[in-house]
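# Survey of secondary and tertiary structure
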Amino acid sequence: MELNAAFALALKDLRMRRKLTHHSFFGGTSRAYMTLLEKGTRCPTIAKIEDLSAVLDIHPVSLLVECYLRKNPDEDLKCILERVKEDLAFDLSSSHTDK
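Overview of the structure. (Residues numbered from 1 in each chain as written. Predicted model: local features only at pLDDT ≥ 70, side-chain atom pairs only at ≥ 80, totals over all residues. Heavy atoms only, no water.)

### A closer look at the pattern of salt bridges
Condition: Any carboxyl oxygen of Asp or Glu within 4 Å of a side-chain nitrogen of Lys or Arg constitutes a salt bridge here. Numbering of helices and strands runs from the N terminus, with a helix taken as a DSSP run of H or I at least four residues long and a strand as a DSSP run of E at least two residues long. Only protein chains enter the calculation, and the probe is 1.4 Å; a residue is then buried if its accessible area is under 20% of its type maximum, exposed if over 50%, and partly exposed in between.
Within the structure shown, the criterion is met by seven salt bridges. Ionic pairing is found between Arg15 and Glu38, a salt bridge with its closest N-O pair at 2.6 Å. Here Arg15, found in helix α1 (residues 3-17), pairs with Glu38, found in helix α2 (residues 31-39); they are 23 residues apart in sequence, far enough to count as distant. Among the ionic pairs, Arg70 bridges to Glu66, the shortest N-O distance being 3.2 Å. One end of the pair is Arg70 and the other is Glu66, both in helix α4 (residues 60-71) and four residues apart, which spans about a single turn. Taking the relative accessible area as the measure of exposure, Arg70 reaches 25% and is therefore partly exposed. With relative accessibility at 15%, the residue Glu66 sits in the buried group. If you follow the salt bridges from partner to partner, you end up with Asp13, Arg17, Glu66 and Arg70 in one network.

See below:
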């Protein structure tokens, strides 16, 4: 499945599971833009994903994970989360910090 289509399905499904209408997103997202996102004809920015997630009352990563679960149906949540955990793991003693 194409990424925009997967995002569209994930967004619409999460919105419907929470019983939210397009109107629930007013103030940060127009109804017309929500329709375009849910049709997969627009690609949101990271800031917009954060805005949408706030209205959905979920972490932005949850929206992205839902998207990738739809894009790659053979992958499961446990595998994705394990991969993220490995990708973000680092040794605190060797990390670089700004001083």
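### Some words on α4
Note the cut-off: By definition here, a helix of n residues has an expected span of 1.5 Å times n minus one. Contacts between residues were defined by any pair of non-hydrogen atoms, one from each residue, lying within 4.5 Å.
Over its 12 residues, α4 runs 17 Å from end to end, which matches the ideal 16 Å to within 8%, given 1.5 Å per residue. Among all positions in α4, only Leu63, Val65, Glu66 and Cys67 are buried. Summarising the contacts, the buried residues of α4 are in contact with α1, α3 (46-56) and α5 (77-88).

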